Amino acid sequence: MHTSLLFAMPGWTEMLIIALFIIIFFGAKKIPEIARGMGKGIREFKDATKEIKNEIKESSSEEKKA
C-alpha cells in the first residue's frame with residue numbers, strides 16, 4: 001500500500017518542472033495570489049473534514065448511549 005503512495009508523489013525534478021511551468025504560464029506576480037487561494041482551499045477542506053469527523057463521533061456516542 002505504501003509503494004502506490006510513493007509513485008503518486010512527485011519527486012523534486014517533477015516539482016521543479018511544475019514550478020517553472022507555473023512561473024512561465026502565470027507570471028511571477030500571480031504566484032502569491034495563487035498560493036493564497038490554494039492555502040485557503042486547503043484550510044477549508046481541513047475544516048470540513050474535522051466537522052465530518054466530529055459529527056461521526058457525536059452520532060456514534062449518541063448511539064452507544066441509546
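Before any of the text, the structure's been laid out above.
Residues numbered from 1 in each chain as written. Predicted model: local features only at pLDDT ≥ 70, side-chain atom pairs only at ≥ 80, totals over all residues. Heavy atoms only, no water.

Let us now look at the packing of aromatic side chains. If you walk through the whole model with that rule in mind, you get two aromatic pairs. Between Phe-21 and Phe-25 the ring centres are 5.5 Å apart and the planes differ by 10°, which places this aromatic pair in the stacked class. Here Phe-25 and Phe-21 lie together in helix 2 (residues 12-26), a separation of four residues that amounts to about one turn. The exposed category is assigned to Phe-21, whose relative accessible area is 52%. Residue Phe-25 is classed as exposed on the basis of its relative accessible area, which comes to 55%. Summarising the aromatic geometry, the rings of Phe-25 and Phe-26 are spaced 4.9 Å apart at their centres and angled 85° between planes, so their arrangement reads as edge-to-face. A relative accessible area of 42% means that Phe-26 is categorised as partly exposed. Here the aromatic cluster, defined as three or more aromatic residues joined through ring pairs, consists of Phe-21, Phe-25 and Phe-26. (Phe/Tyr/Trp six-rings, centres within 6.5 Å; stacked < 30°, edge-to-face > 60°. Helix = DSSP H or I, 4+ residues; strand = E, 2+ residues; numbered from the N terminus. Buried < 20%, exposed > 50% of the residue type's maximum accessible area, 1.4 Å probe, protein only.)

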